Amino acid sequence: MKTLVFAFAAASVLAACEPAPTPQAQAARQHEIACLSGTLGGALIGGTIGNQFGGGSGRGALTAVGAGVGAAGGHRYSC
């Protein structure tokens, strides 16, 4: 248990030594997060809508197509 506490404390101290990110790096990171969120959100919504149609294996295919189209749309509008 003491070893785990020591390892956690050492990792915390070393993380504090990292240089502060530049404003450009922060903006790039926020853009990446926005793109990822839009893509995943679009895939989730598209897959949910696609799942409402079809039956049997057709439902699975429409779910996949809906997720793909939703991901493409979400990526296009968020990035």
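Residues numbered from 1 in each chain as written. Predicted model: local features only at pLDDT ≥ 70, side-chain atom pairs only at ≥ 80, totals over all residues. Heavy atoms only, no water.

**Regarding the overall build of the protein**
In step 1: Within the protein one finds three helices and zero strands.
In step 2: Counting all 79 residues of the protein, 13% fall into the buried class.
In step 3: In the protein, the share of contacts with a sequence separation of at least 24, taken over all contacts with a separation of at least 6, comes to 56%.
In step 4: Carbon and sulfur atoms form 71% of the exposed surface of the protein, whose accessible area is close to 6100 Å². (Helix = DSSP H or I, 4+ residues; strand = E, 2+ residues; numbered from the N terminus. Buried < 20%, exposed > 50% of the residue type's maximum accessible area, 1.4 Å probe, protein only. Contact = heavy atoms within 4.5 Å. Areas by Shrake-Rupley, 256 points an atom, 1.4 Å probe, with all protein chains shown as cover.)

**Remarks on the environment of Thr 48**
In step 1: Within the secondary structure, Thr 48 sits in helix α2 (residues 23-51).
In step 2: Classification of Thr 48 by relative accessible area gives partly exposed; the value is 43%.

**Some remarks on α2**
In step 1: Across its 29 residues, α2 extends 42 Å between first and last C-alpha, which sits within 8% of the 42 Å expected from 1.5 Å per residue.
In step 2: Restricting attention to buried positions, one finds in α2 the residues Cys 35, Gly 38, Gly 42, Gly 46, Gly 47 and Gly 50.
In step 3: Buried residues along α2 sit in contact with α3 (57-78). (Expected span 1.5 Å × (residues − 1).)

**Let's talk about α3**
In step 1: For α3, built from 22 residues, the straight-helix expectation of 32 Å at 1.5 Å per residue is met to within 8% by its first-to-last C-alpha distance of 31 Å.
In step 2: Buried residues of α3: Gly 66, Gly 70, Ala 71 and Gly 74, and no others. For α3, the buried positions fall inside an angular range of 135° around the axis, keeping them on one side. Pointing more than 90 degrees away from the buried face of α3 are the exposed residues Ser 57, Ala 64, Val 69 and Arg 76.
In step 3: Those residues of α3 hidden inside the fold are in contact with α2. (Arc of directions from axis to C-beta.)

**As for the confidence of the model for the protein**
In step 1: Confidence in the prediction of the protein, expressed as mean pLDDT, is 84, and 89% of residues score 70 or more.
In step 2: Taken element by element, the protein is modelled with least confidence in helix α1 (residues 2-16), mean pLDDT 69, and with most confidence in α3, mean pLDDT 91. (pLDDT = per-residue confidence, 0-100.)

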